Amino acid sequence: MKYKIINFGCKVNTYESTYFEEVLIKDGYTEAKEVKDADVVVINTCSVTNVADQKCRKFIRRLKRENDKAVIIACGCSVQNNGEEYQTYGIDILLGNHHKSKIPELYKEFLKTREPIVLIDSNRKQEFDDMLLNKFEKHTRAFIKIQDGCDNFCSYCVIPLLRGSLRSKKFETVIKEAKTLADNGHKEIVLVGIHTGSYNSDGKDLVDLINEISKIEKVKRIRLSSIEITELNDKFMETLKNNKKLVSHLHIPLQAGSNEILKLMNRKYDKKYFKDKLELIRSIRPDINITTDVIVGFPQETDELFEESMEFCKELEFGKIHVFPYSIRNNTKASLMEGHVKEEIKKKRALQLIRISDILQCTYEKKFLGKEMTIITEKNHQNEIVGFTDNYIKVFVRDANFLNSNEEVIVKLDSWDEKYIYSDFIKKGED
Ligand code: SF4
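Notes on the structure in this doc start here. Counting from 1, residues in each chain are numbered in the order their sequence is written. Totals for whole chains, interfaces and linings use all residues, but because this is a predicted model, local features are given only for residues with pLDDT of at least 70 and pairs of side-chain atoms are given and counted only at 80 or more. Hydrogens and waters are ignored; side-chain quantities use all the structure's heavy atoms.

1. Section: the overall build of the chain
In terms of regular secondary structure, the chain is built from 13 helices and 21 strands. Each radius of gyration reported is based on C-alpha atoms, and the globular scaling rule is 2.2 Å times the count of residues to the power 0.38. For 431 residues, the compact-globule formula gives about 22 Å, and the C-alpha radius of gyration of the chain, at 22 Å, lands near that figure. Reported as C-alpha extents along the three principal axes, the dimensions of the chain are approximately 60 × 60 × 45 Å. Burial classes follow relative accessibility: with a 1.4 Å probe on protein chains only, a residue under 20% of its type's maximum area counts as buried, one over 50% as exposed, and anything between as partly exposed. Within the span of the chain, comprising 431 residues, buried residues form 56% of the whole. Restricting the contact set of the chain to residue pairs at least 6 apart, pairs at least 24 apart contribute 73%. Every accessible area reported is derived by Shrake-Rupley at a probe size of 1.4 Å, with residue values counting cover from the shown protein chains alone. When the accessible surface of the chain is split by element, carbon and sulfur atoms take 51% of a total near 19600 Å². For the chain, the separation between the mean place of its 71 positive charges and that of its 69 negative charges on side chains is 1 Å. Put simply, DSSP H or I for four residues or longer makes a helix, DSSP E for two residues or longer makes a strand, and each gets a number counted from the N terminus. Two residues qualify as a contact provided that any one of their heavy atoms is within 4.5 Å of a heavy atom in the partner residue. By the counting rule applied here, Lys and Arg register as positive and Asp and Glu as negative, while His and the ends of each chain are not counted. Just so you know, the charge point we use is NZ for Lys, CZ for Arg, CG for Asp and CD for Glu.

Here it is, written out as structure tokens:
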């Protein structure tokens, strides 16, 4: 029997989709080359923007035409957000964001009864939906989903409605999973969640988790998918100072560089708070890479406020900015606000800020030319050796096909272009 997993959206979805794949492989399934050859197709959907929603719906409608014999299982944010519409698509098993770990047993039930199953639970109060991975197939870095949900209700965001309230994976379960992944060869663990900084398991927080995982000898690096500036407390700064396995890269969403817009977004900080925290982080790790997310074209964002936002991003010297044109989401406060910005202006602003991000990224990465740095090797699509430094610089290693994936090696960075920083192999790390 053949399967195909189609994943849309964030790292949390990627973790969940990898779990579905692991269970199907354990049940003897093999991956189909193409969707049209699969006996079962699992689609983990996303609804962070209108575009994401449209993509998921379009994909599923096309799939029904291309492969009407496959069992189709659709789940995730777009289904949670548009349940009634998805129920008209003739999908075999339909789940929202909750109970995803039940997909394998629901699939077995469906094969017996052939009765369509719909499980879209809109209750925000949910238990953490435990999944355990043994290996993060097809990836060098292994993700562990440690947390789900959010109660922040930023005015533009639909996630709290779709993923429910904050909840965390049991501390011991995460540690056990990290040990298994490390024993199966993963040297880098990425802790993912909707709100990683709010991790709490019977009083043990994210820092406790990082410090416990770093005791696992085979784990060389611990990375966070993202963290809110308000969650970088003194305890975290202590760990940033003392725990060398915590990588020198933090992804901290800014969202806007003007206090007026931050207020309208219901973000929990202002520019001064954000800037002061970044200076504190850089006083501890001067070369750290801080990347961020910024929304452009939020309602009431004038040319002047956008200008201010761009200037603030330059001033904070981010290593990269992920730029998102504001996307109106139903049932959010921002969707009811006055002063929505025209699409063409959003597009123009997004291009301007992406150009600034490219310059900032180039400026940051060029600081490391001439330096010897450690990477964990991966193979790119051309089967060449690439890898990321701990501060998340993507490096290409010349003439290194004698290396395998997932090796810790020292390289010397010496040149760059828009795709990579280039390097020569120096020696293997202390693996
Ligand atoms: S913190 Fe804000 S942007 Fe992030 S998931 Fe929660 S509501 Fe959405």
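2. A few points about empty space enclosed by the protein
Note on definitions: the grid is 1 Å and covers protein atoms alone; a cavity is a set of points where a 1.4 Å probe fits but cannot get out; a pocket is an open set with protein on both sides within 12 Å along at least five of seven lines; lining residues have an atom within 4 Å of a point. Grid points are joined across faces, edges and corners, and a volume is the space filled by probe spheres set on the points. Counting across every chain of the model gives one cavity of 30 Å³ or more. Thr140, Arg141, Glu188, Arg221, Ile376, Glu378 and Phe388 together form the lining of the largest cavity. When residue character is reported, Ala, Val, Leu, Ile, Met, Phe, Trp, Tyr, Cys and Pro are called nonpolar, Asp, Glu, Lys and Arg charged, and the others, Gly included, polar. Broken down by class, the residue content of the lining of the largest cavity amounts to two nonpolar, one polar and four charged. Domain ranges listed in this record stem from an automatic or a database domain assignment. Both domain 2 (141-364) and domain 3 (372-428) contribute no fewer than three residues apiece to the lining of the largest cavity.

3. Focus: the side chain of threonine 332
For threonine 332, the location among the structural elements is in the loop between strand E16 (320-325) and helix H13 (343-366). Residue classification places threonine 332 among the buried residues on the basis of a relative accessible area of 4%. For this analysis, a polar contact is any N or O atom pair within 3.5 Å, provided that within protein one partner can donate a hydrogen and the other can accept it, and provided that sequence-adjacent residues contribute only side-chain to side-chain pairs. One polar contact links the side chain of threonine 332 to the main-chain carbonyl oxygen of arginine 329, over a distance of 2.5 Å. Filtering out sequence-adjacent residues up to four positions away, threonine 332 remains in contact with Ser155, Tyr156, Cys157 and Val158.

4. Section: the sheet that holds strand E13 (residues 221-224)
By the convention used here, strands pair only if DSSP detects at least 2 bridges between them. The strand order across the open sheet formed by three strands is E7-E10-E13, and the pairing between neighbours is parallel. Looking at strand neighbours, the two that pair on one side only are strand E7 (142-145) and E13, the edges of this open sheet. Sheet twist, expressed as the average angle between the axes of neighbouring strands with direction ignored, equals 25°. Of the strand pairs in this sheet, E7 and strand E10 (residues 188-192) are connected by four bridges, and their pairing is parallel. Within the sheet, the bridge partner assigned to lysine 145 lies in E10 and is valine 192. Axis angles are defined between N-to-C directions and span 0 to 180 degrees, where every axis is a line fitted to C-alpha atoms and, for a helix, only to the segment in contact. Relative to the sheet, helix H1 (residues 11-26) contacts E7 and E10, its axis offset from that of E7 by approximately 100°. Running at roughly 165° to E7, helix H7 (residues 171-183) makes contact with E7 and E10 of the sheet.

5. Things to note about the pairing of E16
Walk down a regular strand and you will see the side chains alternate between the two sheet faces. The sheet contact formed by strand E15 (residues 289-296) and E16 spans six bridges and is parallel. Each bridged residue has a counterpart across the sheet, and for threonine 292 the counterpart in E16 is isoleucine 321. With the strands pointing away from the viewer, any crossover whose connection runs clockwise from the first strand over the helix to the second is right-handed. Following the backbone out of E15, through helix H12 (residues 303-316) and into the adjacent parallel E16, one traces a crossover that is right-handed.

6. Description of the site of the ligand
Residues are labelled near a given molecule or strand when at least one of their non-hydrogen atoms is within 4 Å of it. Near the ligand the following residues occur: Cys150, Asn152, Phe153, Cys154, Tyr156, Cys157, Ile159, Pro160, Ile194, His195, Glu228 and Arg267. Residue composition of the shell around the ligand, grouped by class: eight nonpolar, two polar and two charged.

7. Re the pattern of salt bridges
Side chains carrying opposite charge are able to pair once their charged atoms draw close together. Definition used for salt bridges: Asp or Glu carboxyl oxygen within 4 Å of a side-chain nitrogen of Lys or Arg. Tallied over the entire structure, the rule returns 36 salt bridges. With a shortest N-O distance of 3.4 Å, glutamate 85 and arginine 57 are connected by a salt bridge. Of this pair, glutamate 85 sits in helix H4 (residues 83-86) while arginine 57 sits in helix H2 (residues 50-66), and the two are 28 residues apart along the sequence. Of the residues examined, glutamate 85 reaches a relative accessible area of 32% and is grouped as partly exposed. Across the salt bridge formed by arginine 223 and glutamate 188, the nearest N and O atoms sit 2.5 Å from each other.

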